[in-house]
Amino acid sequence: QVQLVESGGGLVQAGDSLRLSCAASGRTDMGWFRQAPGKEREFVAAIRWSGVPYYADSVKGRFTISNDDAKNTVYLQMNSLKPEDTAVYYCAADPIGSLYASYAYHAWGQGTQVTVSS
């Protein structure tokens, strides 16, 4: 099973930027999900190992997902952050089926907290 190690996250003000990183133990399609208190886990972005990205409408134009194939690492650059982006962000890997569905992924990171103050 693919092992994932996340880094990044923290407390920022609205309009600021953050970058999350997720290192995988092997080459795999990867995604980012987030879960706010009292809400279901939701899709944020995903990327094929070939580099093709996919985004949720709520983050399109503000977030950028990228990968470093040599390092088996995926990055989530988050710009123009809003208070509604506050959540625990999870890296996920090894999907079978839709990249947008959390149930498709077979490996998960430990989660990292992103808090955006207004």
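Below is a summary of the structure that appears in this document. (Residues numbered from 1 in each chain as written. Predicted model: local features only at pLDDT ≥ 70, side-chain atom pairs only at ≥ 80, totals over all residues. Heavy atoms only, no water.)

### Structural notes on the pairing of strand β3 (residues 18-24)
By the criterion of burial, β3 is predominantly enclosed, with 5 of the 7 residues buried. Relative to β3, strand β1 (residues 4-7) runs antiparallel, the two being bridged by 4 bridges. Bridging from a neighbouring strand, E6 pairs with C22 of β3. (Buried < 20%, exposed > 50% of the residue type's maximum accessible area, 1.4 Å probe, protein only. Helix = DSSP H or I, 4+ residues; strand = E, 2+ residues; numbered from the N terminus. Pairing = 2+ DSSP bridges.)

### Things to note about the state of the cysteines
Across all of its chains, the model carries 1 disulfide by this definition. A disulfide bridge connects C22 with C91, and the sulfur atoms are separated by 2.0 Å. Across the S-S bond linking C22 and C91, the dihedral sits near -80 degrees, which makes this disulfide left-handed. Note that C22 is positioned in strand β3 and C91 in strand β9 (residues 87-95), a separation of 69 residues in sequence. (Disulfide = S-S within 2.5 Å.)

### Let's talk about the packing of aromatic side chains
Inspection of every chain in the model, using the stated rule, returns 7 aromatic pairs. Ring centres of F33 and Y105 lie 5.2 Å apart, and the angle between their planes is 80 degrees; on these two criteria the pair is classed as edge-to-face. Here Y105 lies in strand β10 (residues 105-108) and F33 lies in strand β4 (residues 30-35), a separation of 72 residues in the sequence. For F33, a relative accessible area of 1% corresponds to the buried category. You can call Y105 buried: its relative accessible area is 4%. In this structure an aromatic cluster arises from ring pairing among F33, F43, Y54, Y90, Y100, Y105 and W108. In this structure, R41 packs its charged tip against the face of W108, placed 4.7 Å from the ring centre. (Phe/Tyr/Trp six-rings, centres within 6.5 Å; stacked < 30°, edge-to-face > 60°. Lys NZ or Arg CZ within 6 Å of the ring centre and 35° of its normal.)

### Thoughts on empty space enclosed by the protein
Over the atoms rolls a probe the size of a water molecule, and its path tells where empty space is left. Here the structure, examined in full by the defined rule, presents 1 cavity of 30 Å³ or more. Within this model, the largest cavity holds a volume of roughly 80 Å³. Residue lining of the largest cavity: G26, R27, T28, M30, I47, W49, N67, D68, D69, N72, T73 and V74, and that is the complete set. For the lining of the largest cavity, the elements supplying multiple residues, two or more each, are β7 (63-68) and β8 (73-78). Classifying every residue of the lining of the largest cavity gives 4 nonpolar, 5 polar and 3 charged. (1 Å grid on protein atoms, 1.4 Å probe; cavity = no way out; pocket = protein on both sides within 12 Å on 5 of 7 lines; lining within 4 Å. Points joined across faces, edges and corners; volume = space filled by probe spheres on them. Nonpolar A, V, L, I, M, F, W, Y, C, P; charged D, E, K, R; others polar.)

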